[in-house]
Amino acid sequence: MGAIQSTPKVTAQDRAILDLKLQRDKLKQYQKKIQVILDREHEIAKSHLASGQKDRAVIALRRRKYQQGLLGKTDAQLENLEQLVSTIEFSLVEVSVLHGLKQGNEVLKEIHREMNVESVEKLLEETQEAREYQREIGELLSNQLSLDEEDAVQAELKELQSQAVCSFRFTKECITKFIPRLLRSRAKGPKSGSTCLQYQSHSRFLHCRKAKSDTGSRGVLLFPHKCPYHSYVSIELERLIVIPYGHVALNVCTSVLFLK
Amino acid sequence: MSFTTHTTRSGFLLPSIHSVPPFFTEQPNPTTQSQNISQWTRLILAYARHRRLFVLRLEDAETSGGDWDEVLRNERINRRVLPSHLSAIMESMITNGQAVYEPPKQTRAVLLYWRLPEEWAEVLHSWATDTANLNTILTFYEITDPPVPSPLSDIPITLLRRVIAVLAKTGRAQVISTGRTGSGEENEGVRFFSGGK
C-alpha cells in the first residue's frame, strides 16, 4: 500500500486523532450498554411489582437510577471528547490555511522581485521615448508628402470640378424643384399634373416621357422603372434621368447631360 | 392448488416457485438440482438485500424463529428447506463467489455477497464523498454505526475490511492503526481519498 504515491504518510497526529475517535466510539458503545441495562432494570422492576415484591422493585429502580447517573456522566465525557476532536480537526484546517497563505505570500514575493518599481518606471520612460520618436517620424513624412503632392491634388480637384459642370447627379432637391415646374410648363391634360406629360416612346428604358423645362429646353424623361408618374417623384427620385430631347443616350442613366 | 406469488410480512414478494413443494427438496437429477440451487441462490440474495441480512447459517434451516423463516419455510404448503439442502446451496454460492464462509474454516455460516466487495467499495466511497468524510480519519464504528443511517449501517466488520482493501488497492483508502499492541478493530481507522474517479 505504501507503494501508491497518492496516499500520504500516517503521522503521529493522525494516530492521535484516530485514538481519540476510538475512545469516543467506545464511550458511545458504553452508553448503548447502559441504555440496555436501564431498560432491563425497568423490566425487572415491573415484573417484581406485578408479583407483589415491592422492595425488590425498589432495589431495581435504585440500580436503574445509578446507571442513569453514569449515563449522564458519560454524556459529559463524550461531549469533552467530541469537542477535543473537532478542535483538533479545526486546527488542522487552520494549519492548512496558514500553509496556503504562506505559499501565496512566497509566490507574490517572487513576482515582486521580478517587477520592482524602478524597472517599471524605466520601462514606461522608454515607451514614452519610443512613442515620441515615432511621432516625429510621422510628422516629417506627412510634411514631405503634402509638399510633394500638393500640385497633383490641386489638379485632381480641378478635373473633378470641370466634370461637375457638365454632369451631375440628380439630388432629391433638384427633382422636387424641377419636376413641378416641368409639369406646369407642359400642362395639357385636363386634370392633375401627374398625367399631363404625354407618353412619347418606349425605348430600352422602361418608361420614357417627352418634357420641356420652363426655360424652354426640351428633354426626355427616362424612368428606369415603369411606375405611375406621381409615384416616381417620391419613390424613384434618385433614378430619374433627364436628357436633351433627341439624345437618346442609353448609357447615361445615372447622369444628366443637360438641364437649365 | 395454484402457484402464486406471496408477499411476506416484511414486504418481500416471494416468487410463485416458492409455493411449489418440490422446490424445497433436493433433486436427484443433477440438472434439476443445479436449476433448483440457482433459483434458491437468487431468492436468498434478493431476500438478504431486502432485509439487509449479511449472514446465513445452517442453524436457520434447523430451527425456526430466525430472520430467514419467511424464505426457508413455507407454512402454507407445509415445507421447509432441510439443512443438507441449504448446505448444498451455500456451497454452490461460495463456488460462484456470491458468498464466503464466515468465519473461515467452517461450513455452517456464510457471509452473503448480495453486493460484491467491488460494488460495496463504490457504495462506501460515494458515502464518504457525500458525507464529506474524505481526508478525515474515520473509525470502523463510525462507518458501521453512523448517527444517520447509511447504506453501510450494520455492515459486518469483516466485509468492511475487505471493501476497504479493495479501495486501498486503487489508492482511495488508507488503513491507519494507532500503533498500540494488537491490530484489531480497537486500534484501526481508515482515511478515504477522492481518488482518480
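The shown structure was predicted, so the numbers you read here are calculated from the model rather than taken from an experiment.

Let's shift gears to the overall build of chain B. The number of helices and strands found in chain B is seven helices and 10 strands. Evaluated residue by residue, chain B yields a buried proportion of 45% over its 197 residues. Carbon and sulfur atoms make up 53% of the accessible area of chain B, which totals about 9700 Å².

This part takes up the interface of chain B and chain A. Across the boundary between the two partners, chain B contributes 24 residues, which contact 21 residues of chain A. With both sides pooled, the region where chain B packs onto chain A buries about 1900 Å², and carbon together with sulfur makes up 58% of that total. It is B:I137, B:Y141 and B:T178 that lose the most area in chain B upon contact with chain A, and together they represent 30% of the buried surface on that side. At the surface where chain B touches chain A, the tally comes to three salt bridges. Measuring nitrogen to oxygen at the nearest pair gives 2.9 Å for the salt bridge that ties B:R191 to A:D14. Counting across the chain B and chain A interface gives six residue pairs in polar contact (both at pLDDT 80 or more). Per-class residue counts for the side of chain B that touches chain A are seven nonpolar, nine polar and eight charged.

Before going further, it helps to examine the pattern of salt bridges. A full pass over the atoms with the stated rule returns 14 salt bridges over all chains. The residue A:R24 makes a salt bridge to A:D25 at a minimum N-O spacing of 3.4 Å. By the burial criterion, A:R24 is buried, and A:D25 matches it. With a shortest N-O distance of 2.9 Å, B:E122 and B:R172 are connected by a salt bridge. In this pair, B:E122 sits in helix α5 (residues 117-130) while B:R172 sits in the loop between α7 (157-169) and β9 (173-177), placing the two residues 50 residues apart along the sequence. Taking relative accessible area as the criterion, B:E122 reaches 33% and is therefore assigned partly exposed. For B:R172, a relative accessible area of 6% corresponds to the buried category.

Note that soluble globular proteins tend to have their nonpolar side chains buried in a common cluster. Residue and element names in this part refer to chain B. Judged by nonpolar contacts, the single largest core of 52 residues is most densely connected at W40, L112 and L124. Broken down by element, the residue count for this core peaks at seven residues, all from helix α1 (residues 30-51). Residues from two domains meet in this core; each of domain 1 (6-112) and domain 2 (117-192) gives at least three. Once residues within four sequence positions are removed from consideration, L112 is found in contact with I44, L45, A48, L53, F54, L56, W68, M93, Q98 and A99.

Taken together, the side chains of A:E118, A:E121, A:E125, A:E126, A:E129, A:E132 and A:E136 present a region of like negative charge at the surface. Inspection of the secondary structure puts A:E121 in helix α3 (residues 117-166).

Turning our eyes to something else, we now look at the sheet that holds strand β10 (residues 188-192) of chain B. Pairing within the open sheet is antiparallel, and its three strands lie in the order β8-β10-β9 (chain B). Strand pairing shows two members of the sheet lacking a second neighbour, β8 (137-139) and β9 of chain B, which therefore form its edges. Strand-to-strand twist across the sheet, computed as the mean angle between neighbouring axes with direction ignored, equals 35°. The pairing of β9(B) with β10(B) spans five bridges and is classified as antiparallel. Looking at the pairing, B:Q174 lines up with B:R191 of β10(B). Strand contacts of helix α1 (residues 12-50) of chain A: β8, β9 and β10 of chain B, with the helix running at about 30° to β8(B), the strand carrying the most contacts.

Residue and element names in this part refer to chain B. If you walk through the whole model with that rule in mind, you get eight aromatic pairs over all chains. For the ring pair F23 and F24, a centre distance of 5.8 Å and an interplane angle of 80° mean the geometry is edge-to-face. Taken together, a centroid distance of 5.5 Å and an interplanar angle of 35° make the contact between F54 and W114 tilted. Of this pair, F54 sits in the loop between α1 and β3 (55-57) while W114 sits in the loop between β7 (109-112) and α5, and the two are 60 residues apart along the sequence. The rings of F12, Y47 and W68 are connected pair by pair, giving a single aromatic cluster. The side chain of R115 reaches across the aromatic face of W120, ending 4.7 Å from its centre.

For the rest of this paragraph, the subject is the pairing of β7(B). Residue and element names in this part refer to chain B. Residues A109 and L111 point to one face of β7 and V110 and L112 to the other, with burial holding for every one of them. Sheet topology note: the β3/β7 ladder contains three bridges and is antiparallel. When the bridges of β7 are listed, V55 appears paired with L111.

What follows is about the sheet that holds strand β6 (residues 99-101) of chain B. Residue and element names in this part refer to chain B. The strand order β3-β7-β6 describes an open sheet built from three strands, whose pairing is antiparallel. One side of each edge strand has no neighbouring strand; the edge strands of this open sheet are β3 and β6. Direction aside, the axes of adjacent strands within the sheet are offset by 30° on average. Alignment of β6 against β7, held across three bridges, turns out to be antiparallel. By the bridge assignment, A99 is partnered in β7 with L112. Against the sheet, helix α4 (residues 83-95) touches β3, β6 and β7, its axis set at about 110° to β6.

Residue and element names in this part refer to chain A. Model confidence for chain A is summarised by a mean pLDDT of 69, while 58% of its residues fall at 70 or above. Taking the mean pLDDT of every element in chain A, the minimum, 32, falls on helix α5 (residues 229-235) and the maximum, 90, on helix α2 (residues 54-114). Throughout residues 185-208 the model reports pLDDT below 50, and contacts reaching past four residues in sequence, or to other chains, amount to 53 contacts. Per-residue pLDDT stays below 50 along residues 212-220; that stretch engages in 36 contacts with residues further than four places along the chain or on separate chains.

Attention now goes to a nonpolar patch on the surface. All names here are of chain A. A surface patch of nonpolar side chains, amounting to about 500 Å² of accessible area, comprises F90, V93, V97, L98 and L101. Mapped onto the elements of the fold, L101 is located in helix α2. On the basis of relative accessible area, L101 is assigned to the exposed category, the value being 57%.

Definitions and limits used
Residues numbered from 1 in each chain as written. Chains lettered and ligands numbered in written order. Predicted model: local features only at pLDDT ≥ 70, side-chain atom pairs only at ≥ 80, totals over all residues. Heavy atoms only, no water. Helix = DSSP H or I, 4+ residues; strand = E, 2+ residues; numbered from the N terminus. Buried < 20%, exposed > 50% of the residue type's maximum accessible area, 1.4 Å probe, protein only. Areas by Shrake-Rupley, 256 points an atom, 1.4 Å probe, with all protein chains shown as cover. Contact = heavy atoms within 4.5 Å. Buried area = accessible area lost by both parts, 1.4 Å probe. Salt bridge = Lys/Arg side-chain N within 4 Å of Asp/Glu carboxyl O. Polar contact = N/O pair within 3.5 Å; in protein donor to acceptor, adjacent residues only side chain to side chain. Nonpolar A, V, L, I, M, F, W, Y, C, P; charged D, E, K, R; others polar. Core = buried A, V, L, I, M, F, W, Y, C linked by side-chain atoms within 4.5 Å. Domains from an automatic or database assignment. Patch = residues over 30% accessible without salt bridge, like charges linked within 9 Å, V, L, I, M, F, W, Y side chains within 5 Å. Lys, Arg positive; Asp, Glu negative; His and termini not counted. Charge placed at Lys NZ, Arg CZ, Asp CG, Glu CD. Pairing = 2+ DSSP bridges. Axes fitted to C-alpha atoms, helices over the stretch in contact; angles between N-to-C directions. Phe/Tyr/Trp six-rings, centres within 6.5 Å; stacked < 30°, edge-to-face > 60°. Lys NZ or Arg CZ within 6 Å of the ring centre and 35° of its normal. pLDDT = per-residue confidence, 0-100.

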